Amino acid sequence: MEKLNYHYQDAWRYTTTATCQSPIDVVADKLVDGPAMAIDWSGLTISPLLKKEQVIGDQFFCHGKLVIDGQTVELVRFHIHDGFEHLWDGQSGAAELHLVFKRADGGTLVLAVFLEEDAEAGPLFAPILAGQQAQADLLTFLPAKKESILTYKGTLTTPPLKKDVDWLLLKERLGISPVDVAAFAQAYPDNYRKVQPLGNRLVVRHQITSHP
Ligand SMILES: [Zn+2]
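The rules behind the values
Residues numbered from 1 in each chain as written. Predicted model: local features only at pLDDT ≥ 70, side-chain atom pairs only at ≥ 80, totals over all residues. UniProt positions renumbered as here; feature names shortened; annotations may be inferred. Core = buried A, V, L, I, M, F, W, Y, C linked by C-beta atoms within 7 Å. Buried ≥ 20, exposed ≤ 12 C-beta atoms within 10 Å, placed from the backbone. Helix = DSSP H or I, 4+ residues; strand = E, 2+ residues; numbered from the N terminus. Contact = placed C-beta atoms within 7 Å. Arc of directions from axis to C-beta.

- For the protein chain, the name recorded in an unreviewed UniProt entry is carbonic anhydrase, with Fructobacillus fructosus as its organism.
- Recorded in UniProt for the protein chain, the comment headed Catalytic activity (unreviewed entry) runs: "hydrogencarbonate + H(+) = CO2 + H2O".
- The Sequence similarities (unreviewed entry) field of the UniProt record for the protein chain holds the comment "Belongs to the alpha-carbonic anhydrase family."

Below, the structure is given as structure tokens:
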């Protein structure tokens, strides 16, 4: 299957100069403090995994839910970018995990988890990429400490660059094994979209108040 070519991303169809796109560079000095956010993580647990090869890259279909300020969002799939898509004050990192949820109003919410290499961590994603695991405990994809989250409105980062996406960027990072980092680089080399102009959008920082 021919995969999306990230070398020619400026020529992707649906690319626009409108300032509504993702990813973005998160600039610490420009964050706006918002209300605390109550997140119930307990709906992310052991799920069957179904790997599907797609033009936009491998998607891992799975089940789960989050309850965010009383609103339930249903997990549909996840995928991984080799290298961060969202930058933090211009800085990249090992990999970015996107958990893609369906909102009750039919819109999309993506929870981004930022992965950094940790020599102490055991392999977590490599066996999944290799299709050797029929299920996974999705809570292990998140850092143990979840204290702060950023939100903004954007798009999906692969064509058709769907709009009206609620982005949640978890500030605390998950350490992953060098084996996982190598597996991402081999399977999805540099499959990240470049950062897009923020325009007049706000990136809001929330403390996370409730989690089991
Ligand atoms: Zn993604």
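So that's the structure; there's more coming.
1. Concerning the nonpolar core
Okay, step 1: Grouped together as the largest cluster of nonpolar side chains are 50 residues, with contacts concentrated most on Leu97, Leu111, Ala112, Val113, Leu115, Leu168 and Leu169.
Okay, step 2: Per-element tally for this core: the top contributor is strand S11 (residues 108-117), with seven residues.
Okay, step 3: If we ignore the near neighbours within four places in the chain, the residues touching Leu111 are Leu99, Phe101, Leu168 and Leu170.

2. Focus: the UniProt feature "domain: Alpha-carbonic anhydrase" (unreviewed entry) in the protein chain
Okay, step 1: In the numbering used here, UniProt assigns the feature "domain: Alpha-carbonic anhydrase" (unreviewed entry) to residues 2-207.
Okay, step 2: As annotated, residues 2-207 comprises 7% helix and 36% strand, and the C-alpha atoms at either end are separated by 42 Å.

3. Quick look at helix H2 (residues 178-187)
Okay, step 1: Within the sequence span of H2, burial applies to Asp180, Val181, Ala183 and Phe184. Each buried residue of H2 lies within a common arc of 160° when the element is viewed along its axis, so the set occupies one face.
Okay, step 2: In this fold, the buried residues of H2 make contact with strand S8 (71-82), strand S10 (95-102), S11, helix H1 (126-129) and strand S15 (174-176).

4. Re unusual backbone geometry
Okay, step 1: In this model, Ser22 is joined to Pro23 through a cis peptide bond whose omega is 0°.
Okay, step 2: Of note, Pro23 is situated in the segment before strand S1 (25-26).
Okay, step 3: The residue after Pro159, namely Pro160, is reached through a cis peptide bond having omega 10°.
Okay, step 4: One can find Pro160 in the loop between strand S13 (148-154) and strand S14 (165-170).
Okay, step 5: Residue Asp164 is not a glycine yet carries a positive backbone phi of 60°.
Okay, step 6: Within the fold, Asp164 resides in the loop between S13 and S14.
Okay, step 7: Although it is not a glycine, Asp190 sits at a positive phi angle of roughly 55°.
Okay, step 8: Residue class for Asp190 comes out exposed when judged on the 11 C-beta atoms lying within 10 Å of it.

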